[in-house]
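Residue-level structural notes
If you want the building blocks of each chain, they are given just below.
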Amino acid sequence: MNKSHSLLLLPYEQLTLANAHEAAELQRYRRLTLSFLPVAPQTSRLMATLGLQCEKRLDTLRQTAALLELEACVSKHPFAPPNYSMAQRHFFVVDHSMASEVIEQTVRTAVESKNFFEWLLNTNATPELHQPLVDFVREKEGESRVLLEHWEQHRTPSLMQRA
């Protein structure tokens, strides 16, 4: 097999994968919004804002699917596999150490999400999907950066208290 050929996904595959991924991201950010509410309302608000961005991306996917006449690929309730890493801990964040750990994992997951959309962009052959995927990658880069900055600001409470 010639390795110079790259994998190209069909539009319905990309829409289905992107929709399922972003729906899972939305669920994750909604869970995180509630998890941080008791001890870190500012972090809870950040997670809620990131969830709203997921909703906008899902709307963009629905609009693009309608343009391509592939609405069935972006159903309102796609199958999302359970996130088992979330099941290993308490639902609510209970202290600073746990908050730092959860935010660190959230940063890693955001970077993985950006990488996923980069992969979709690199496997794209559909002109109608190009700009939305470029936008998603850019948004996910920003999301990762904001989460990393938030984590860096909040991971050392003793330094924050002295300032």
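As a reminder, the structure under discussion sits directly above these lines.
1. Brief notes about the packing of aromatic side chains
- Applying the stated criterion to the full structure yields four aromatic pairs.
- A ring pair is formed by F91 and F92, whose centres lie 5.1 Å apart and whose planes are at 85°; its orientation type is edge-to-face.
- Accessibility expressed as a relative area gives 42% for F92, which makes it partly exposed.
- Each ring, one from F117 and one from F136, has its centre 5.3 Å from the other, and the planes form 80°; the classification is edge-to-face. In this pair, F117 sits in helix α4 (residues 96–122) while F136 sits in helix α5 (residues 127–154), placing the two residues 19 residues apart along the sequence. Across the pair, exposure class does not vary: F117 and F136 are buried alike.
- One aromatic cluster in this structure is built from F116, F117, W119 and F136.
- Lying over the aromatic face of Y29, R28 brings its terminal NZ or CZ to 4.4 Å of the ring centre.

2. Examining α4
- A rise of 1.5 Å per residue sets the reference length of α4, with its 27 residues, at 39 Å; its end C-alpha atoms lie 39 Å apart and thus fit the reference within 8%.
- By the N-cap criterion, in which a side-chain oxygen at the helix start approaches the backbone nitrogen of a residue two or three places on, α4 is capped by D95, the distance to S97 being 3.4 Å.

3. Here's the deal with the environment of L70
- With respect to the helices and strands, L70 occurs in the loop between α2 (41–67) and α3 (84–87).
- Judged by relative accessible area, which is 24%, L70 ranks as partly exposed.
- Sequence-wise, L70 and T16 are 54 residues apart; in three dimensions their C-alpha atoms are separated by 9.6 Å.
- Each residue touching L70, except ones within four places of it in the same chain, is listed here: P11, Y12, L15 and A65.

4. A closer look at unusual backbone geometry
- Phi at E69 takes a positive value of approximately 60°, unusual for a residue other than glycine.
- By the element assignment, E69 lies in the loop between α2 and α3.

5. A few points about the side chain of T106
- Inspection of the secondary structure puts T106 in helix α4.
- Polar contacts involving the side chain of T106 include one to the main-chain carbonyl oxygen of V102, which spans 2.7 Å.
- Not counting chain neighbours up to four residues away, the residues in contact with T106 comprise R28, Y29, L32, M47 and L147.

6. Section: the nonpolar core
- If you look at the biggest cluster of nonpolar residues, it comprises 34 residues, and the most contacted ones within it are L15, Y29, F36, F117 and L147.
- Of all the secondary-structure elements, those providing two or more residues to this core are α1 (11–36), α2, α4 and α5.
- With nine residues, α4 is the single largest residue contributor to this core.
- Those residues in contact with Y29 that lie beyond four places of it in its chain are M47, L50, G51, C54, T106, A110, E143 and L147.

7. So, α5
- For α5, with 28 residues, the first-to-last C-alpha span of 42 Å sits near the 40 Å given by 1.5 Å per residue.
- Restricting attention to buried positions, one finds in α5 the residues L129, P132, L133, F136, V137, K140, G142, E143, S144, L147, H150 and W151.

Reading the values: rules and limits
Residues numbered from 1 in each chain as written. Predicted model: local features only at pLDDT ≥ 70, side-chain atom pairs only at ≥ 80, totals over all residues. Heavy atoms only, no water. Phe/Tyr/Trp six-rings, centres within 6.5 Å; stacked < 30°, edge-to-face > 60°. Buried < 20%, exposed > 50% of the residue type's maximum accessible area, 1.4 Å probe, protein only. Helix = DSSP H or I, 4+ residues; strand = E, 2+ residues; numbered from the N terminus. Lys NZ or Arg CZ within 6 Å of the ring centre and 35° of its normal. Expected span 1.5 Å × (residues − 1). Polar contact = N/O pair within 3.5 Å; in protein donor to acceptor, adjacent residues only side chain to side chain. Contact = heavy atoms within 4.5 Å. Core = buried A, V, L, I, M, F, W, Y, C linked by side-chain atoms within 4.5 Å.

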